[in-house]
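Structural characterization, general
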2 protein chains.
Amino acid sequence: MVIPCPVENKIEAGTDRLAEAAVRVGLNVRHGQQVIITAPLEAVPLVRKITKHAYKAGASLVTTFYADDEATLARFSNAAEDTFDTAATWFADGMAAGFREGAARLAITGGNPALLSGQNPDLVSRASRAASVANRPALELITSFAVNWNIVAAATPAWASLVFPGVPEPIAVSRLWDAIFSASRINGEDPVADWAVHNDQLHRRADYLNKRRFAALHFAGPGTDLTVGLAEGHLWAGGSSKAKNGILCNPNIPTEEVFTTPHRLQVEGYVRSTKPLSYQGTLIEDIEVRFADGRIVEAHSTKGESVLMRVLDTDEGSRRLGEVALVPHSSPISQSGLLFQNTLFDENAASHIALGQAYSECMTEEGGKTTEALAARGANSSLIHIDWMIGSGEISVTGLDAAGGTVPLMRAGEWVTAV
Amino acid sequence: MVIPCPVENKIEAGTDRLAEAAVRVGLNVRHGQQVIITAPLEAVPLVRKITKHAYKAGASLVTTFYADDEATLARFSNAAEDTFDTAATWFADGMAAGFREGAARLAITGGNPALLSGQNPDLVSRASRAASVANRPALELITSFAVNWNIVAAATPAWASLVFPGVPEPIAVSRLWDAIFSASRINGEDPVADWAVHNDQLHRRADYLNKRRFAALHFAGPGTDLTVGLAEGHLWAGGSSKAKNGILCNPNIPTEEVFTTPHRLQVEGYVRSTKPLSYQGTLIEDIEVRFADGRIVEAHSTKGESVLMRVLDTDEGSRRLGEVALVPHSSPISQSGLLFQNTLFDENAASHIALGQAYSECMTEEGGKTTEALAARGANSSLIHIDWMIGSGEISVTGLDAAGGTVPLMRAGEWVTAV
Ligand SMILES: [Zn+2]
Ligand SMILES: [Zn+2]
Ligand SMILES: [Zn+2]
Ligand SMILES: [Zn+2]
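What counts and how
Residues numbered from 1 in each chain as written. Chains lettered and ligands numbered in written order. Predicted model: local features only at pLDDT ≥ 70, side-chain atom pairs only at ≥ 80, totals over all residues. Heavy atoms only, no water. Donors = N, O, S within 2.8 Å, 3.2 Å for Na, K, Ca; no water. Tetrahedral: all angles 85-135°; square planar, octahedral: opposite > 155°, others 65-115°. Buried < 20%, exposed > 50% of the residue type's maximum accessible area, 1.4 Å probe, protein only. Helix = DSSP H or I, 4+ residues; strand = E, 2+ residues; numbered from the N terminus. Phe/Tyr/Trp six-rings, centres within 6.5 Å; stacked < 30°, edge-to-face > 60°. Lys NZ or Arg CZ within 6 Å of the ring centre and 35° of its normal. Salt bridge = Lys/Arg side-chain N within 4 Å of Asp/Glu carboxyl O.

For chain A, the name recorded in an unreviewed UniProt entry is Aminopeptidase, with Acetobacter musti as its organism.

Below you can see the structure in the form of structure tokens.
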């Protein structure tokens, strides 16, 4: 008789449920559809389970691209400085062609968030910029929902050790898996049914906000007095979305937010971050910024200020907002009290704003969706999209309509009105 | 004090030397050049060493694509039968674009040769055909030496267990690494210098054969009486080659052969295999075929005959020869006595012929290298290229010149004339 290790067993069962949710809820793979997966090397067991479920669901071919943190570090340790502006454009273009031919996209997140924190920031920023430029066409197909896509997380030792500092690695990994399973809402008897209920809740909240057609939101709380104008023809979204290929997918697992497009020229006032922002391995803490005419004109942080300044100076759009999102303080991820240092989780723990690129998905069709039309209606454009938490149990959010009327939306971090 | 495990230490040191040889001898990476690696998942430690050496040698970016045998099996176990004609064309095209932009190509071989032996042969053949068609543009850039490229091997548990049946897995893996290191000529004090000597030897042999300009080769031995006409303007090659980007690379590590292009319409007689042919996990043993007008008109084998028949019926060119190669019986790989079930090794253990596609590299420029021109001069074309061992210690090879003269080239499997 063999007594199985209960921890391994629990992870085995949980990852299988997570894999099934990623395929059936996240991607909603169509018969005959190709699936393109990207994943950290440490996620091989989860990828294998996803691959199995994807084939069972009718996938014609699953192609996985693994990223290896060690190989990335080897570049910073050994490569010549004059080579850091190079990116694998040919590969990013190949992926984009795959999406154009109808492949679904599954990203597994979980690599070490602090991987590059000890490297030369100039080289990090050059490599990252080159990769962003190369990935832009593929990313635009994703953010515009040309195909069904999904992001899920895998616990890796390096990430787990950051989230649970001082905890022995295997225990940290097991705890991080627990946190992922619970945040991903796959612990119930029927995760697919649970996600249907959750999606319904998010859709009703987005519908409510879309019907109100607020001109702006006002955030008030400690250190925060911020008015975020909304783009002309902004749309609120949340939960599952119908991709242009007709497939209803859940782009993020987990997701707790409803979000829309701010007006890039109409943000005024000041705001203080309520959680540290993890950016390429650096924690930027206690951010305080002031907006005028939509642009950050003053910025400070008690930690990571030089990284913050570098981010703000990425390009023309990096000092303006591309997203505003509302998440109740009672959301399960918020209640876990964990700082994941991974946007997929942290942005779902609190109301947030994002610097940089807007989602064209969060804009109506009227007025057109060319880059120029979107910009004219107020949607921001940038190489970056960095979510940044400003919600807490002490935050109020008020909707302002064009006529000057106000509607309380959140008080003490919770929705005022049920939907 | 920690006493390091001597086996791990030996593999660690050997793979580092192999990695350096792959980068400096195999690819000869140029400063600023991208490198594209494909590898089985089990080869992560070797890939990391190659990555490090590639960056040290000036690579601008190393991108690795891992193949997972488990994921491949998951397709055969779970996917719908109507989806097996799908291939990742978008990805193969992306790689081809990478080569066109100048990236070097490193392939690590070592996946389980018998992986698909238990699967539905019809599905295996449909999937393999679809992949061949998709990969053709990228493969043509490689075989025509548009860029510098190299193949090396990594020992994996599944492969090692096939080569050393009945041996405990870690010991089998260690023995296979030993065999790879020794066949790859990296055990000397200065592998780069040793490879220079070896390349010189192969170049002088190829030069000798190119000067003779034989019209045909005659193979004689037990069960074999075969005349292989050579293509008009055939070129003998062996060892390092200068790619069109000007870089001298060693496409195969190991390599022991000199090889050229047979005339697809001028092969006559019969031939018997001298080693089993491992094809997609099936061992095809004791092959006997008869050629008339360059085409296989009769074929038998004592094992794997149905697989052989399927291979021969792949397309118009799969019953004709695309390569003839001479390897002395005293070559180190031949002397190891091992059947690697991997072409990179087995084709370097004996003289061989290959069914299918010819190498345009093995044809002179005169007369042109368009597909039509190459075909008119006798070079074969096919989706497949399968090397098949016909040499041994009992084989004689004689060169026939156009005037009817004969020159003994090999007797009892060894070169008659030193070069
Ligand atoms: Zn968000
Ligand atoms: Zn966001
Ligand atoms: Zn050969
Ligand atoms: Zn060959």
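**Some thoughts on the coordination of the zinc ion (ligand 4)**
Residue and element names in this part refer to chain B. Those protein atoms acting as donors to the zinc ion (ligand 4) are E323 (OE), H385 (NE2), D387 (OD) and D387 (OD), and they sit at 2.0 to 2.5 Å. In this structure, the zinc ion (ligand 4) is surrounded by 4 donor atoms whose angles at the metal cover 57 to 145 degrees, and the resulting shape is irregular. Donor residues for the zinc ion (ligand 4) sit on one chain with the sequence pattern E-x61-H-x1-D. Here the zinc ion (ligand 3) and the zinc ion (ligand 4) are spaced 3.3 Å from one another, each receiving a donor from E323. Exposure remark for H385: the relative accessible area of 25% places this residue in the partly exposed category. On the basis of relative accessibility, which here comes to 5%, the residue D387 falls in the buried class.

**Some remarks on the coordination of the zinc ion (ligand 1)**
All names here are of chain A. Listed as protein donors to the zinc ion (ligand 1) are E257 (OE), E323 (OE), E347 (OE) and H352 (NE2); their distances from the metal cover 1.9 to 2.2 Å. Considering all 4 donor atoms around the zinc ion (ligand 1), angles at the metal cover 85 to 147 degrees and the coordination shape is irregular. The sequence pattern describing where the donors of the zinc ion (ligand 1) fall on their chain is E-x65-E-x23-E-x4-H. Here the zinc ion (ligand 1) and the zinc ion (ligand 2) are spaced 3.3 Å apart, and both take E323 as a donor. One end of the pair, E323, is in strand β15 (residues 321-326); the other, H352, is in strand β16 (residues 352-356), with 29 residues separating them in the sequence. Assigned by exposure class, E323 and H352 land together as buried.

**Notes on the packing of aromatic side chains**
One pass over the full model with this rule turns up 22 aromatic pairs over all chains. Look at F91(A) and F91(B): their rings are 6.3 Å apart centre to centre, the planes differ by 80 degrees, and that puts the pair in the edge-to-face class. One end of the pair, F91(A), is in helix α4 (residues 89-100); the other, F91(B), is in helix α4 (residues 89-100), on a second chain. Exposure remark for F91(A): the relative accessible area of 16% places this residue in the buried category. Note on F145(A) and W149(A): the rings are 5.4 Å apart at their centroids and 45 degrees apart in plane angle, and the pair reads as tilted. Assigned by exposure class, F145(A) and W149(A) land together as buried. Ring pairing ties together the aromatic residues F65(A), W90(A), F91(A), F65(B), W90(B) and F91(B), which thus form one cluster. Between R75(B) and the ring centre of F84(B), over which it is positioned, the NZ or CZ distance is 4.7 Å.

**A short note on the pattern of salt bridges**
All names here are of chain B. For the coordinates displayed, the defined rule picks out 29 salt bridges over all chains. Measuring nitrogen to oxygen at the nearest pair gives 3.1 Å for the salt bridge that ties D178 to K10. With D178 in helix α7 (residues 169-183) and K10 in helix α1 (residues 6-27), this pair connects stretches of sequence that are 168 residues apart. A relative accessible area of 35% places D178 in the partly exposed class. When its relative accessible area of 32% is taken as the criterion, K10 is described as partly exposed.

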